[in-house]
Amino acid sequence: MAEPAQSGAEAGSSGWAATKSSVQRTLTVDEALRRTGGARGKTQLRIILVCMFQWLTGSLVAFIIIFSEKRFATDECGDLATSSYHRLGASDEFRFCGDRKFLKALTQSLFYVGWIVGVLIAGRAGDLYGRRRTFIWSYVGQTALLGGTALAPNYACYLTARILLGAAAGSAGLAAYILGTEWIDNDATRCFVGVFMYNVFYASGEVVLVCLALVHWCDGTCWWRGLTGAAVGVHCLLLPFLGVLLESPRWLLSHGEVGEAKALLLTAAKRNGRSNTTLGDLEFSAPSAGSRQRNNRSWRELMKVKGMMKKTLSMQYVWFAASFGFYGLSQNAGSYSGNEYLNVLASGLSEIPGVLSSWIMLESPRIGRRRGVAGAFVLAG
């Protein structure tokens, strides 16, 4: 009778060892990304660079009105004949003067209404259809709609195109941010890329805008449609590189597509020169139907918990106040005294030290998020 007991103990021991081995072989997404090359892998770098370039173009469409809606007519609201055809801004062509002056501010306000709607749509579409599809659809729409503003025959068409352009740019920006950061394999690099590098590209958009305006207008030819067309050309530079984008493996795993996620990671490894990488013997924990149902909860869940509701509303107000001040200053840089090109250039370049300090504060154990945000608001007045 001793032998069966011993055999049972051995069986229990071997079962525990098998379970332990299985647990040890389970691979997280970050570990899998690290095996394929990590954030420095060629595939990952290309995806991240494409996504960050979208932020540069997003800055272009947001700030192009500084120059495109500039008024060249010397009188208050004279005929277009008083301005040379080669020195014509949207404010001249669509008569943003006299009792129509408010149309300039209205156009940009509605542009950001479209931006907000686009962000909301992108959040839902990215969860349902994937980050890659949402980004590509939005970016192609952003490029086409920017061209549409350049071809608008009247103010109604121009306003419509600007609103839809805001929606497309907001959608593409959010999708690009999520897709790029989800291909990064560690928190420190995600913080550096998400906080610093994306915003550096956004600030660079203002620098590129100044360069386009100088090149386009250096010979005295100041036509807002031509400047907008040049911005479309910058957008088109990215279109051939959209093919390098791969879907987020995190999104695939969250939808239970384990096999597709493995294949995608192996494709990334192969492109990175790591053809010997194997993931077939590794287990990915796909979410159960119950967990997927829990993950589909809406933002309303945040409002049901008193503590989370306070934090959520507080951060929303922080974003509102920061955006109000930032865009109010940046988009009026061209109207300050002095050289308008230098003003816009200084406005863009001044953002880089700001985002650098933000990244340092977020990574500092002595400062952190809460003190960093509070200190920045106190410093800004």
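See the structure printed just above.
Only a predicted model underlies this, so the values are computations on that prediction, with no experimental measurement involved. (Residues numbered from 1 in each chain as written. Predicted model: local features only at pLDDT ≥ 70, side-chain atom pairs only at ≥ 80, totals over all residues. Heavy atoms only, no water.)

Trainee: I tried to follow the packing of helix 7 (residues 131-151) against helix 10 (residues 224-236) on my own but got confused; where do I start?
Mentor: Geometry of a packed helix pair, given as the angle between the helix axes and the separation of the axes. Orientation of helix 7 relative to helix 10, taken along the N-to-C sense of each, is 165°, at an axis distance of 8 Å. For the element pair helix 7 / helix 10, the angle class is roughly antiparallel. Seen from above, helix 7 lies across helix 10 with left-handed handedness. Contacts between helix 7 and helix 10 involve Tyr139, Gln142, Thr143, Leu146, Gly147, Thr149, Ala150 and Leu151 from the first element and Trp224, Arg225, Thr228, Gly229, Ala231, Val232, His235 and Cys236 from the second. Here the residues of the contact of helix 7 with helix 10 are counted per class, giving eight nonpolar, seven polar and one charged. (Axes fitted to C-alpha atoms, helices over the stretch in contact; angles between N-to-C directions. Helix = DSSP H or I, 4+ residues; strand = E, 2+ residues; numbered from the N terminus. Parallel < 35°, antiparallel > 145°, perpendicular 65-115°, else oblique. Left-handed = near helix turned anticlockwise from the far one by under 90°. Contact = heavy atoms within 4.5 Å. Nonpolar A, V, L, I, M, F, W, Y, C, P; charged D, E, K, R; others polar.)

Trainee: Explanation requested: the pattern of salt bridges in the structure shown.
Mentor: Between side chains of opposite charge, pairing is possible as soon as their charged atoms come close. Counting across every chain of the model gives six salt bridges. Across the salt bridge formed by Asp185 and Arg34, the nearest N and O atoms sit 3.1 Å from each other. Here Arg34 lies in helix 2 (residues 29-35) and Asp185 lies in the loop between helix 8 (155-182) and helix 9 (187-217), a separation of 151 residues in the sequence. Among the residues examined, Arg34 registers a relative accessible area of 42% and is labelled partly exposed. The shortest N-O distance in the salt bridge between Glu182 and Arg131 comes to 3.0 Å. With Glu182 in helix 8 and Arg131 in helix 7, this pair connects stretches of sequence that are 51 residues apart. Considered together, Glu182 and Arg131 belong to a single accessibility category, that of buried residues. (Salt bridge = Lys/Arg side-chain N within 4 Å of Asp/Glu carboxyl O. Buried < 20%, exposed > 50% of the residue type's maximum accessible area, 1.4 Å probe, protein only.)

Trainee: Just to check I follow, could you spell out the environment of Gly148 for this structure?
Mentor: By the secondary structure assignment, Gly148 is in helix 7. Relative accessible area serves as the criterion here: at 28%, Gly148 is assigned to the partly exposed category. In sequence terms Gly148 and Tyr158 are 10 residues apart; their C-alpha atoms lie 7.8 Å from each other.

Trainee: How do you make sense of the packing of aromatic side chains when you look at a structure like this?
Mentor: Working definition: an aromatic ring pair is given by the centre-to-centre distance plus the angle between the planes. Taken as a whole and assessed by the stated rule, the structure comprises 24 aromatic pairs. With a centroid separation of 5.0 Å and an interplanar angle of 85°, the aromatic rings of Phe111 and Tyr112 are classed as edge-to-face. Each member of the pair Phe111 and Tyr112 is classed as buried. Taken together, the aromatic side chains of Trp55, Phe63, Phe111, Tyr112, Trp115, Tyr177, Tyr198, Tyr202, Phe326 and Tyr327 make up a single cluster linked through ring pairs. Above the plane of the ring of Phe111 lies Arg162, whose end atom (NZ or CZ) is 4.3 Å from the centre. (Phe/Tyr/Trp six-rings, centres within 6.5 Å; stacked < 30°, edge-to-face > 60°. Lys NZ or Arg CZ within 6 Å of the ring centre and 35° of its normal.)

Trainee: Mind showing me how you'd approach the nonpolar core here?
Mentor: Among soluble globular proteins, nonpolar side chains are generally buried collectively. Counting residues in each nonpolar core, the largest one holds 63 residues, and the members touching the most others are Phe67, Phe135, Trp183, Leu242 and Leu245. The leading source of residues in this core is helix 3 (residues 42-63), at 11 residues. Discounting chain neighbours no more than four positions away, the residues touching Leu245 are Ile47, Val50, Cys51, Arg132, Phe135, Ile136 and Leu179. Listed in part, the nine residues of the second largest apolar core include Phe94, Leu103, Tyr155 and Leu159. (Core = buried A, V, L, I, M, F, W, Y, C linked by side-chain atoms within 4.5 Å.)

Trainee: In this structure, what is going on with the environment of Val207? I would like to understand it.
Mentor: Inspection of the secondary structure puts Val207 in helix 9. The spatial distance from the C-alpha of Val207 to the C-alpha of Leu56 is 9.5 Å, given a sequence separation of 151 residues. Beyond its immediate chain neighbours, meaning those up to four positions away, Val207 contacts Leu345 and Leu349.

Taken by themselves, the reported measurements are silent on function.
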